[in-house]
Amino acid sequence: MHELLMVLYAQMHTQTACALDGNESTLLGIAVFLTSEACLLETAVSKICNRRHMAGVVATAEACDSNAALLASGDLRVLQPVFQIYGQCRSFSGPVVTLKVFEDNVLVRELLETRGEGKVLVIDGGGSMRCALVGGNLGQLAHNNGWSGIVVNGCIRDVDEINGCGIGVRALGSHPLKSNKKGHGDKHVPVYIAGVYIAGSFIRDGEWLYADSDGILVSKSELSI
């Protein structure tokens, strides 16, 4: 669907250029029509994505209401409300794959180049606000490879591109500067982000993450709908 948007925008520019030899009303009419079509298609992408995820995603508010014992034991944890919402999919869930890096995104790309199979990549970037760990190319890569979502304890960039991707993304904010490319970091290790540290519990590989407009939950096991 993202590719269709790109094609439509390209057609808009092509037809607008062709109309330069015509009158001003023709030029304006083509531009308005194609811009309207692009907006409608982008809205359709968002609706399709969210319908697809709504069918299998546990609502975070309902999960909290019906799992008081899990919350009390720490088997279900709520991330602090510090994340911004990006991407076409506002709701997403899946098994967690963890990554710990600091201002270096080589390992981010390495993981996103693998088959996601509906998993969520949780990146502990140390909360750095000095550069971005995920950009538009990585967002599209994650979508193409079947990742359900990405949660970044740090920043992203290319926000408009990421917002056009059929994937859910959470991050502390955006930053235009790219990260280092040294390959430092650790895959599949327990990570600590956004206040999730209850009775010595980190976020670990294989746990489940649920995100929607209300917030983000991490569970030791998959929750029933």
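A quick note: this is a predicted structure, and the numbers were derived from the prediction, not measured. (Residues numbered from 1 in each chain as written. Predicted model: local features only at pLDDT ≥ 70, side-chain atom pairs only at ≥ 80, totals over all residues. Heavy atoms only, no water.)

Colleague: Quick question: what am I supposed to make of the side chain of Thr 98 here?
Modeller: One can find Thr 98 in strand β3 (residues 92-100). Residue Thr 98 is classed as buried on the basis of its relative accessible area of 0%. Within the structure, Thr 98 has its side chain in polar contact with the backbone oxygen of Val 189 (distance 2.7 Å). Every residue in contact with Thr 98, bar those within four places of it in the chain, is listed here: Leu 111, Val 122, Lys 187, His 188, Val 189, Val 191, Ile 203, Arg 204 and Asp 205. (Helix = DSSP H or I, 4+ residues; strand = E, 2+ residues; numbered from the N terminus. Buried < 20%, exposed > 50% of the residue type's maximum accessible area, 1.4 Å probe, protein only. Polar contact = N/O pair within 3.5 Å; in protein donor to acceptor, adjacent residues only side chain to side chain. Contact = heavy atoms within 4.5 Å.)

Colleague: What is the right way to read the environment of Arg 157 from this model?
Modeller: With respect to the helices, strands and loops of the structure, Arg 157 is situated in the loop between β6 (149-156) and α7 (159-163). Along the backbone, Arg 157 and Gly 135 are 22 residues apart, and their C-alpha atoms lie at a distance of 4.8 Å. Once residues lying within four places of it in the same chain are set aside, the contact partners of Arg 157 are Ala 132, Val 134, Gly 135, Gly 136, Ile 162, His 175, Pro 176, Leu 177 and Lys 178.

Colleague: Can you walk me through the packing of aromatic side chains in this structure?
Modeller: For any pair of aromatic rings, the description rests on two quantities: the centre-to-centre distance and the angle between the ring planes. On inspection of all chains with the given rule, the structure shows 2 aromatic pairs. Both rings, one in Tyr 192 and one in Phe 202, keep their centres 6.2 Å apart while their planes meet at 80°; by these two values the pair is edge-to-face. Of the two residues, Tyr 192 sits in the loop between β8 (186-187) and β9 (208-212) while Phe 202 sits in the loop between β8 and β9, which places them 10 residues apart along the sequence. Among the residues examined, Phe 202 registers a relative accessible area of 27% and is labelled partly exposed. Here the aromatic rings of Trp 208 and Tyr 210 are separated by 6.0 Å at their centres, their planes lie at 25°, and the arrangement is stacked. For Trp 208, a relative accessible area of 19% gives the class buried. (Phe/Tyr/Trp six-rings, centres within 6.5 Å; stacked < 30°, edge-to-face > 60°.)

Colleague: What should I look at first to understand the confidence of the model for the protein in this one?
Modeller: Regions with low pLDDT should not have their predicted coordinates read in detail. Averaged over every residue, the pLDDT of the protein is 83; residues scoring 70 or more account for 71%. In the predicted structure, residues 30-35 sits below a pLDDT of 50 and forms 10 contacts with residues beyond four places in sequence or in another chain. Across residues 50-54, where pLDDT falls below 50, the model places 11 contacts with residues more than four positions away in sequence or in other chains. (pLDDT = per-residue confidence, 0-100.)

Colleague: How do you make sense of the nonpolar core when you look at a structure like this?
Modeller: One broad trend across soluble globular proteins is that nonpolar side chains are buried collectively. By size, the foremost hydrophobic cluster in this structure holds 24 residues, and its most contacted members are Leu 112, Leu 121, Ile 123 and Val 134. Residues within four places of Ile 123 in sequence aside, it is in contact with Leu 99, Val 101, Val 108, Leu 133, Val 134, Ile 150, Val 151, Val 152 and Asn 153. Listed in part, the 15 residues of the second largest apolar core include Leu 79, Phe 92, Leu 209 and Ile 216. (Core = buried A, V, L, I, M, F, W, Y, C linked by side-chain atoms within 4.5 Å.)

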